[in-house]
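The lines below spell out each chain.
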Amino acid sequence: MERSQPRRQVAAMKQSLFDQGLLDEQFIQLEELSDDANPNFVEEIVTLYYRDSSRLISSIEQALKERHTLDFNKLDTLMHQFKGSSSSIGAKKVKAECTLFREYCRTGNAEGCMKTFQQLKKEYASLRKKLEAYFQLARQAGPMETACRPK
């Protein structure tokens, strides 16, 4: 099988992640850090992101269970950490939900926090599933010569 076909599929899949607004420029910058010594760099960073962020999601869920006495400062601090992690991998939609959640924290809007957190978890899970498929396809296609910027 021709090697360029799987690479075109990888490029098309990556482009679709950008077209859907799931990723931003930071993802490309991470890909540019991959080299022959560490060809799976981005996948490793994303794996660490999902491992570490699952702890933050659990902490936020716990804090939201205290519905009658929500600590908006604590929630904002946790979400600030989550937003920073999400920004570091270029998770554009997740980052946007984090920003909205933090606005609700600043205004003391518990209902807004709850709804936004549910949407954030959906975006987070959707991105995870799509990135897992992307990395699987990329592994099958073999190493790329260089990272390419989406259109």
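Residues numbered from 1 in each chain as written. Predicted model: local features only at pLDDT ≥ 70, side-chain atom pairs only at ≥ 80, totals over all residues. Heavy atoms only, no water.

K.L.:
Tell me what's going on with the nonpolar core, and back it up with residues and numbers.
P.N.:
Of all hydrophobic cores here, the largest spans 40 residues; its most connected members are Leu64, Leu75, Phe82, Phe101 and Leu131. Listing elements by their share of this core, those giving two or more residues are helix H1 (4-19), helix H2 (25-31), helix H3 (41-65), helix H4 (72-89), helix H5 (92-107) and helix H6 (110-141). Examining the composition of this core, we find that 11 residues originate from one element, H6, more than from any other. Setting aside residues up to four positions removed in sequence, leucine 75 forms contacts with Ile60, Ala63, Leu64, Leu70, Phe101 and Cys105. (Core = buried A, V, L, I, M, F, W, Y, C linked by side-chain atoms within 4.5 Å. Buried < 20%, exposed > 50% of the residue type's maximum accessible area, 1.4 Å probe, protein only. Helix = DSSP H or I, 4+ residues; strand = E, 2+ residues; numbered from the N terminus. Contact = heavy atoms within 4.5 Å.)

K.L.:
Which residues make up the UniProt feature "coiled-coil region" (unreviewed entry) in the protein, and what are the values?
P.N.:
Under the UniProt annotation, the feature "coiled-coil region" (unreviewed entry) is placed at residues 110-137. Helix makes up 100% of residues 110-137 and strand 0%, with an end-to-end C-alpha separation of 41 Å. (UniProt positions renumbered as here; feature names shortened; annotations may be inferred.)

K.L.:
Describe the environment of glutamine 26, listing the residues and the values that go with them.
P.N.:
Here glutamine 26 lies in helix H2. With relative accessibility at 27%, the residue glutamine 26 sits in the partly exposed group. In this structure, the C-alpha to C-alpha distance between glutamine 26 and serine 87, residues 61 residues apart in sequence, is 7.4 Å. For glutamine 26, the contacting residues outside a window of four places in its chain are Ser87, Ser88, Ile89 and Gly90. Polar contacts involving the side chain of glutamine 26 include one to the main-chain carbonyl oxygen of serine 88, which spans 3.4 Å. (Polar contact = N/O pair within 3.5 Å; in protein donor to acceptor, adjacent residues only side chain to side chain.)

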